[in-house]
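Architecture at a glance
For reference, the chains in residue letters:
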Amino acid sequence: MKSYDFPLDESALPLGEIDFWRELQKKYLEPLKENKEQQEKIADDLRELRNKKLSQVLDFVHVKQSWDVCREVPIIQHEQKPKRGVLCLKFFSCAIVGILVFTLVLLSKTSFLLLITFGNNQTEIICSEHKTTALLGIGFVLVGPSVLLLLKSTWKYIFKSANMPSKKTVFWVLFVEFLVALGAAVLTIVAMPHFDIVTNVMILNSVSILSAVFQVVAECLAKERKQLIMLPACSIFLIVIGYVLFAVNYLVFENSLQIKISVGLAIVGTICVSVNWWENYSTLFDIAFLEDISRDIAQSRNVVCIISSLMRILVTSAVVGAYVPLSGREWKSVKLVFETVVVSLVGIQIASSALCRWFVVVACKMHALRRSFVIPMYLASITIMAVFLVPIVVKIPESNQTCFENLQPNSSDKWLHLLLTDAIRTLNARDIVAQMNIGGLACLGFSALSWWLGLILSTIYIWFLKIQRIERTQDLFVRRMYEGAFLEQSMLLNTRFEIRKKIKEKQSAKETVRVFLCATMWHETYNEMIKIIISMFRLDQYRPKTDKHSDVEFEFHIYFDDAFKDVNNGRHANEYAEILVDVIKEVYTIFSEEDPCIFTQKAALPHQTIINTPYGGRLQYILPKGNLMMVHLKDKKLIRHKKRWSQIMYLYYILGWRLNRQCFKEFEAGKELKSLKEKLKKDRENTYILALDGDTDFQPSAVMLLIDRLKLYPEVGAACGRIHPTGTGPMVWYQKFEYAVGHWLQKTAEHVYGCVLCSPGCFSLFRGAALMDDNVMKRYTTRASEASQYVQYDQGEDRWLCTLLLQQGWRVEYNAASDAYTNAPQDFKEFYNQRRRWGPSTMANTIDLLGSGGLTSERNSSISKLYILYQVISMAASILGPATVCLMISGSFVFIFKMGANVALVLAIVPPTVYLILCFKLKSDTQIKIAAVMSILYAFLMAGTLLSIIGDLVREQTFMTPSGLFLIGMVVLYLITAALHPQEFSLVIYGFLYILCIPSGYLLLAIYSIVNMNNVTWGTRETGRQAKTKAVDAIKKKMMNATCCKCPCLESDDLSEKILPAENIEEREHEFQLQSKTHQTWIEHLQMKSYDFPLDESALPFDEINFWTELQTKYLEPLKENKEQQEKIADDLRELRNKVTFGFFFCNALWLVATFFIQATGDSVSIKIPKMYPNGTHSTAMFSLDPIALMFLLGFALLLLIQFVAMLYHRIYTLIHFVAYAETENKSYRKQSHRSHQIVYSNHQPETYEPDTALCFQNPSTSAII
């Protein structure tokens, strides 16, 4: 009947087929009868088989189900080999720096030698009566570096360190600087103008004489590696031979008394100048006097530099002033020539020398020491001498012009010809050249060669210099500034010699840094948890515990808030804690698997530890490479919960208990108090805490870069990296660009001009000594008791902790190469609630810091009064943000609807005012819904405004309007900024969305945050679900696939049917758990959940139990509910909200009212700006701009320009660090690959990391979890 339109005619089976089915049914397919006893027996046997002989069953099924071996595992990237693009960037950068160093040193030396030749009586470009100009130019070259050093040191003295040196140090510095300045002035001003160009090129190399002597003495006192003494000894011999040949060349073959005097002065002058680098060897001679002075100079470097600069300037001025009249010259014709060629040469020499010195520092920090520093410096003298000898080789005819006043060269070629021919006259005028005296020419040539080789041998130690991945300039060079007349010699001789001598001692005495990674968790999902767990396991693999030579030790801690739930018979770990246990098991399986081949016998996972603690529970894991991971499960009924209290928990556990306990034990054992204090101080300085969120994803390289900052700069208390928001949807896209702009401009400006004000808690490294300093960790435990404290302390705990560090004098830095990824709010409501916490907290902490600005600038050398002023301006701009957006919307109305300015302003103010009133009356969820609708409307308005501005520019046929220049300037600035971040350039796509959301982010969000300031709940992840979520279902699937790493068969859905056809094993096991729940503790519960990753129960030591009990009692006791107190706090918060709201919006109202009245006044107070076309022509039409709008545009443009300059500076040093990282990583990869090949061929055990592998880490910008 159901198929009447598709007829089915009844029929019957043949008798033979009926018999077949009956026999098959009877023999194989007869329905099974239910037998509960038998089923329970089978279930018990299966559990016993699972617990006792699981591996045998897995092996059996492994063979039976070998067809189902595919897995679903997270993609984990481990980049060891550097990418080609990175290597190309490294090579290109080092090549560019090397070329620039070589070019600049040629310009510096050539311009200085031309000034010297201008002072020679044989030259004709400058007439004899104008030679004073050349001498004055030489004097300016000598004092140029001293003037720059004076300015730099004075700035640092005013805004940084102002330590005063002792009288002994002052007298010693004055004596040495007088000697060096006198020698340099006598050599270059008095003696060198009388020599030929070849002698002048090479005689400067002889200033390395005393450095070579000091090296020989140092090697003798060191009593080791005696073979190295030959190089400086040969250098001394060659320089002395050069002096002898130089003296013979002039004393024997020249008859002038003035020449003979100049020879003596030149030799004495070079020896005096060579005293300049005494500090490079002062600590090697074991002379207490020199060691004390060197130590005092290091502590009072700014004042010492000021004194030395002033002495150099005074001595050089005195020599020039005295020598001019003594040589029979006059000053009256100086101005005529000084305005032309000499000024140009002096400017080129000073600028090229300063730039060359900076690029040399860059080359050293980029680990391009040899190819970009040493080789260009060695080749400079030879190249310049070859250039000056070109006229002799190619027979360039000499010019008939004899005086500068008569010269009118009209091309650069003629200028070059005149300069070269004039310089070569100093050589052609000598008798040995005119008469072709072979002996004199040989003396000249061999003296020049001896001096050059002497310089090379005395500085050859630089070739083998070992430097760290990121090196401080003061650790590379002795003096802060170069020598103007001896650029390449001063840079080579200024490189610290002690680094080479003590490199072995430094390696043997290298202190190991201990880093504790502390992640706080609460209601993270499976996908969020697996990110942080994989990141930790990556670090474990990167720095194995078994490596005895490791420079860093890692220990991992996870503090899980609210990890327990109520059950019938007590407290059990909740579903989130169970997910975490399963995630750890899954990741552990992946990282411990060495060979995924299906034919390989899989080892069982090792036993771990589970402990009952006074605060809840603890899981202890020994990771595959030996590092320790602790998961602290917090019970909110036993210990205070929420993020700040979890941070206090691990601060006191790691720094207060783990760090101090060992020293106290040694003190009780009778160890010397002084040594214990030193040990405790070092331990605090070398103990770092990496604060993490439960969803942070990072590579080992990101951690290592932060560690480098703290290891390199002892005054740095915290360092943060570049935070990348992850997720999908428009809200995440908006945050991607917002985070990018904040890091590109704001964070870099704070780092360059002062200190970073907020090191985010999702990825920041803190120094133990800084956290344990006075008024930091102790004050961080303060429980909020006032309304303002609830906002400052608990709504933005990471910013408050940084405020405490800054006020105590510690520096907080930003490292742009250290990338970390964290989940961002993906829906509008969660985003607004997050910023509702961040906004008032930021304002409260900034006001706190600015309120103590005077005291903070005195304590903190990185925070100056100018930086405080910058923050005041930034704070004022933030407060006036809503009014500024209203003015922008008003301008949009004028542009689009062509209405009057005041009418547009009123219309722009009405919607946010209505929303402000509604926020006081409606619930927060309703407020957010209204804000979402208004945000969409404002986005349409902003889109129309942009199109209207573009149309107006087209209609006016010029972009030289205030709105056009502002729009184009903003776009160009952001495009340039993004281009300087090539790996993040794609984020500019989200810039358009960011512009459309400006009213929502800076107007509506500001209103919502201020009005809801009294709401101190967290706002995100506040879900109290007790039932299993979708994440739990996902973890089951993930776990089955992860278990497949050990047994592919477990992915089969019908395995249980083959063994137990009557019922499903999972259902039977669930029934068993329900039956045994009455006597099951939380430990037993987790042990059963992790049956294939055994957790053995253990107990805490008695003294640690006492520690936790005392810590709970003093700081972390659960807060008791007190309705009266809660009502009082709620009233205080509302009162604070009302006061802040009134003040905040009163300031904005003043700004708007002032604009309204100025617009109402008319053209009498407006500023007229003439219309200008792009070709430069003017129109009769005028643009009107009120003073407030102009002040806003100029102020905003000034802030952006300040941040842009800081960004450029920061990007340069980020590039330097990145290239240094690429260089060291490439070397480490080659060494590790070479060792791996050796191990394969020699059948040795797997290698451990050598100390050099500290330089090998993953690419922070390209490695991520997909």
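Here the structure is shown first, and the text comes after it.
Residues numbered from 1 in each chain as written. Predicted model: local features only at pLDDT ≥ 70, side-chain atom pairs only at ≥ 80, totals over all residues. Heavy atoms only, no water.

1. Quick look at the pattern of salt bridges
Using the criterion set out here, one finds 33 salt bridges in the structure. A salt bridge links Glu 813 to Arg 811, with the nearest nitrogen and oxygen atoms 2.8 Å apart. Because the salt bridges share partners, they merge into one network encompassing Arg 514, Lys 545, Glu 553, Glu 555 and Arg 658. (Salt bridge = Lys/Arg side-chain N within 4 Å of Asp/Glu carboxyl O.)

2. Section: the side chain of Glu 279
Along the polypeptide, Glu 279 turns up in the loop between helix H10 (257-273) and helix H11 (288-299). Take Glu 279: its relative accessible area is 11%, and that puts it in the buried class. (Helix = DSSP H or I, 4+ residues; strand = E, 2+ residues; numbered from the N terminus. Buried < 20%, exposed > 50% of the residue type's maximum accessible area, 1.4 Å probe, protein only.)

3. Considerations on the sheet that holds strand E7 (residues 628-634)
Reading across from one edge, E9-E12-E10-E11-E8-E1-E2-E7-E6-E5-E13 is the order of the 11 strands in this open sheet, with mixed pairing throughout. Looking at which strands have only one partner, the edges of the open sheet turn out to be strand E9 (697-698) and strand E13 (1095-1098). The strands touched by helix H24 (residues 526-542) within the sheet are strand E1 (513-521), strand E2 (552-560), E7, strand E8 (687-693), E9, strand E10 (716-726) and strand E12 (811-823), with E2 carrying the most contacts at an inclination of about 160 degrees. (Pairing = 2+ DSSP bridges. Contact = heavy atoms within 4.5 Å. Axes fitted to C-alpha atoms, helices over the stretch in contact; angles between N-to-C directions.)

4. Observations regarding empty space enclosed by the protein
Scanning the entire structure with this criterion turns up 11 cavities of 30 Å³ or more. Roughly 240 Å³ of volume is contained in the largest cavity. Around the largest cavity, the lining comprises 22 residues; the ones closest to its centre are Leu 149, Glu 177, Ser 308, Arg 312 and Arg 479. Looking at the lining of the largest cavity, the elements with two or more residues in it are helix H5 (131-159), helix H6 (167-191) and helix H12 (301-326). Here the lining of the largest cavity takes six residues from H12, the largest share from any one element. Grouping the amino acids of the lining of the largest cavity by side-chain chemistry returns 11 nonpolar, four polar and seven charged. (1 Å grid on protein atoms, 1.4 Å probe; cavity = no way out; pocket = protein on both sides within 12 Å on 5 of 7 lines; lining within 4 Å. Points joined across faces, edges and corners; volume = space filled by probe spheres on them. Nonpolar A, V, L, I, M, F, W, Y, C, P; charged D, E, K, R; others polar.)

5. Notes on unusual backbone geometry
A negative phi angle characterises most non-glycine residues, just as the trans form characterises most peptide bonds. Positive phi is not limited to glycine here, since Asp 562 has a value of about 50 degrees. With respect to the secondary-structure elements, Asp 562 resides in the loop between E2 and strand E3 (564-567). Assessed through its relative accessible area of 13%, Asp 562 is described here as buried. Unlike most non-glycine residues, Lys 642 shows phi in positive territory, near 95 degrees. Looking at the element boundaries, Lys 642 is found in the loop between E7 and helix H26 (643-668). By relative accessible area, which is 47% here, Lys 642 ends up partly exposed.

6. Here's the deal with helix H46 (residues 1082-1089)
Structurally, the α-helix is built with 3.6 residues per turn, so residues lying three or four positions apart point the same way. Restricting attention to buried positions, one finds in H46 the residues Trp 1082, Ile 1083, His 1085 and Leu 1086. The buried side chains of H46 occupy one side of the element, clustering within an arc of 160 degrees when seen end-on. (Arc of directions from axis to C-beta.)

7. Some details on the packing of aromatic side chains
Evaluation of the coordinates by the stated rule reveals 45 aromatic pairs. Measuring from ring centre to ring centre gives 5.6 Å for Phe 214 and Tyr 281, while their planes differ by 50 degrees; the resulting arrangement is tilted. With Phe 214 in helix H8 (residues 209-222) and Tyr 281 in the loop between H10 and H11, this pair connects stretches of sequence that are 67 residues apart. The side chain of Arg 644 reaches across the aromatic face of Trp 645, ending 4.4 Å from its centre. The aromatic ring of Tyr 780 is capped on one face by Arg 644, whose charged end is 5.9 Å from the ring centroid. (Phe/Tyr/Trp six-rings, centres within 6.5 Å; stacked < 30°, edge-to-face > 60°. Lys NZ or Arg CZ within 6 Å of the ring centre and 35° of its normal.)

8. A short note on the nonpolar core
Within the largest apolar cluster, 120 residues are counted, with the highest numbers of intra-cluster contacts made by Val 360, Phe 373, Met 377 and Phe 388. With 12 residues, helix H4 (residues 84-118) is the largest single contributor of residues to this core. When near neighbours in sequence (up to four residues on either side) are disregarded, Phe 388 contacts Thr 110, Leu 113, Leu 114, Ile 197, Val 201, Leu 420, Ala 423 and Ile 424. Counting residues in hydrophobic clusters, the runner-up holds 118 residues, among them Leu 880, Val 1011, Leu 1199 and Ala 1206. (Core = buried A, V, L, I, M, F, W, Y, C linked by side-chain atoms within 4.5 Å.)

9. So, the packing of helix H38 (residues 901-921) against helix H48 (residues 1123-1161)
Their axes nearest at 10 Å, the elements H38 and H48 cross at an angle of 170 degrees. Comparing the axis directions of H38 and H48 gives the class roughly antiparallel. In contact with Ala 901, Asn 902, Leu 905, Val 906, Ile 909, Leu 916 and Phe 920 of H38, H48 contributes Arg 1137, Asn 1138, Thr 1141, Phe 1145, Leu 1152, Phe 1156, Gln 1159 and Ala 1160. Within the contact of H38 with H48, the residues separate by chemical class into 10 nonpolar, four polar and one charged. (Parallel < 35°, antiparallel > 145°, perpendicular 65-115°, else oblique.)

10. Some details on the pairing of E8
When you tally the buried positions in E8, you get seven out of seven residues, the bulk of the element. A two-sided burial pattern is seen for E8, the buried positions comprising Thr 687, Ile 689, Ala 691 and Asp 693 on one face and Tyr 688, Leu 690 and Leu 692 on the other. By the bridge criterion, seven bridges tie E1 to E8 in an arrangement that is parallel. Paired with Arg 514 across the strands is Thr 687, a residue of E8. Note that E8 and strand E11 (residues 763-767) share five bridges and pair antiparallel. Looking across to E11, one finds that Tyr 688 is bridged to Arg 767.

11. Details of the packing of H8 against helix H9 (residues 230-251)
Put simply, H8 and H9 touch, their axes get as near as 8 Å, and they point 150 degrees apart. Of the possible angle classes, the one that applies to H8 and H9 is roughly antiparallel. For the pair H8 and H9, the crossing hand works out as left-handed. Touching Ile 209, Ala 212, Val 213, Gln 215 and Val 216 of H8 are Pro 232, Ala 233, Ser 235, Ile 236, Ile 239, Val 240 and Tyr 243, all from H9. (Left-handed = near helix turned anticlockwise from the far one by under 90°.)

12. Section: the pairing of strand E4 (residues 570-573)
With four bridges joining them, E3 and E4 adopt antiparallel strand pairing. Its bridge partner lying in E4, Lys 565 is registered against His 572.

13. What about the environment of Leu 179?
Checked against the element boundaries, Leu 179 lands in helix H6. Between the alpha carbons of Leu 179 and Val 273 there is a distance of 7.4 Å; along the sequence they are 94 residues apart. Sequence-distant contacts of Leu 179, defined by excluding residues within four places in its chain, comprise Cys 272 and Val 275.

14. Structural notes on the environment of Ser 874
The topology assignment puts Ser 874 in helix H36 (residues 865-879). Ser 874 sits in the buried class, given a relative accessible area of 17%. The sequence separation of Ser 874 and Phe 1196 amounts to 322 residues, and the corresponding C-alpha distance is 9.5 Å.

15. Regarding a nonpolar patch on the surface
Taken together, the side chains of Trp 155, Leu 866, Leu 869, Val 872 and Ile 873 make up a nonpolar region of the molecular surface, amounting to roughly 470 Å² of accessible area. When residues in the nonpolar patch are grouped by element, the largest group, four residues, is from H36. Residue position: Ile 873 is located in helix H36. (Patch = residues over 30% accessible without salt bridge, like charges linked within 9 Å, V, L, I, M, F, W, Y side chains within 5 Å. Areas by Shrake-Rupley, 256 points an atom, 1.4 Å probe, with all protein chains shown as cover.)

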